[in-house]
Amino acid sequence: MRIVILVLSFLFVIAPAQAADCNAPAAAGVDWQRCYMDGRGFIDSTLSGSRLRETSFQRSDLSGADLRRVDGYRARFVSTRMRGTKLDDGQFSDADFTKADLAGASLARADLRRARFFHASLRGADLTGAKTQGAEMLGADLSGALWTDGVRRCAEGSIGQCN
């Protein structure tokens, strides 16, 4: 009996203090790690400082949302509307933005290493200080985007790279 109590005590000690709450309402600091938020609307929502690791937002609408300082490692934003969204200082390495509409979004100082932007729209987006090493931008529209150096503006028709 003592062994059973000891094992149960050990399990409670090593168990995570708090699990993700996929039913929690959109709010700053929410923990939606590994949740499925596909097809939902979060227009102008405040999610700053939230934990969105490996969360799926496919075909969702995050237009105008505040995702500053978000941990979005390996999150999926496939075909997601993100016009004017603030992703500043966020951790989005290995995230998937395939076909996402990020027109006018701010990604200043965001970690975008190894992120995928296949055929995404980054028209007029701000990439000042963003870490883009290994990011894949095949077919991405960068027309009018402010590049990572914070000085160069990508020319109209910049597809896949900033010209």
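Everything below is about the structure shown above.
Residues numbered from 1 in each chain as written. Predicted model: local features only at pLDDT ≥ 70, side-chain atom pairs only at ≥ 80, totals over all residues. Heavy atoms only, no water.

Caption draft 1: Up close: the nonpolar core. Counting residues in each nonpolar core, the largest one holds 40 residues, and the members touching the most others are W32, F97 and F117. For F97, the residues in contact, after removing those within four places along its chain, are F77, M82, L87, F92, L102, A115, R116, F117, F118 and A120. (Core = buried A, V, L, I, M, F, W, Y, C linked by side-chain atoms within 4.5 Å. Buried < 20%, exposed > 50% of the residue type's maximum accessible area, 1.4 Å probe, protein only. Contact = heavy atoms within 4.5 Å.)

Caption draft 2: Representation of the packing of aromatic side chains. Summed over all chains, the structure comprises eight aromatic pairs. Ring centres of F42 and F57 lie 6.0 Å apart, and the angle between their planes is 85 degrees; this geometry places the pair in the edge-to-face category. One end of the pair, F42, is in the segment after α1 (2-14); the other, F57, is in the segment after α1, and 15 residues separate them in sequence. F57 matches F42 in its accessibility class, with the two residues each being buried. (Phe/Tyr/Trp six-rings, centres within 6.5 Å; stacked < 30°, edge-to-face > 60°. Helix = DSSP H or I, 4+ residues; strand = E, 2+ residues; numbered from the N terminus.)

Caption draft 3: View of the pattern of salt bridges. All chains considered together, the criterion is met by 11 salt bridges. For the salt bridge of D89 with R109, the shortest nitrogen-to-oxygen distance reads 2.8 Å. Separated by 20 residues along the polypeptide, D89 in the segment after α1 and R109 in the segment after α1 bring together distant segments of the chain. Using a relative accessible area of 37% as the deciding quantity, one classes D89 as partly exposed. The partly exposed category is assigned to R109, whose relative accessible area is 47%. Of the charged contacts in the structure, one is a salt bridge between D141 and R123, with a shortest N-O distance of 2.9 Å. Within this pair, whereas D141 is found in the segment after α1, its partner R123 is found in the segment after α1, the two being separated by 18 residues in sequence. Residue R123 is classed as partly exposed on the basis of its relative accessible area of 33%. (Salt bridge = Lys/Arg side-chain N within 4 Å of Asp/Glu carboxyl O.)

Caption draft 4: Highlighting the state of the cysteines. Applying the stated criterion across every chain yields a total of two disulfides. Across the disulfide from C22 sits C35; the S-S distance is 1.9 Å. One quick way to see it: the torsion about the S-S bond of C22 and C35 is about -85 degrees, and its sign makes the bridge left-handed. A residue pair is termed long-range when its members are at least 10 positions apart, and C22 in the segment after α1 and C35 in the segment after α1 qualify at 13 residues. Residue C154 pairs covalently with C162 via a disulfide, S to S 2.1 Å. As the torsion about the S-S bond is roughly -115 degrees, the C154-C162 disulfide counts as left-handed. Assessed through its relative accessible area of 10%, C162 is described here as buried. Cysteine pairing in the protein follows 1-2, 3-4, where each cysteine in a disulfide is numbered by its order in the sequence. (Disulfide = S-S within 2.5 Å.)

Caption draft 5: Highlighting the environment of S106. With respect to the helices and strands, S106 occurs in the segment after α1. Looking at S106, the relative accessible area reads 16%, which means it is buried. In this structure, the C-alpha to C-alpha distance between S106 and D66, residues 40 residues apart in sequence, is 9.8 Å. With residues up to four places along the chain from it excluded, the contact list for S106 reads T85, K86, L87, D88 and D126.

Caption draft 6: A look at the side chain of D111. Mapped onto the elements of the fold, D111 is located in the segment after α1. Polar side-chain contacts of D111 include one of 2.6 Å to the side chain of R113. If we ignore the near neighbours within four places in the chain, the residues touching D111 are G90, Q91, F92, S93 and K131. (Polar contact = N/O pair within 3.5 Å; in protein donor to acceptor, adjacent residues only side chain to side chain.)

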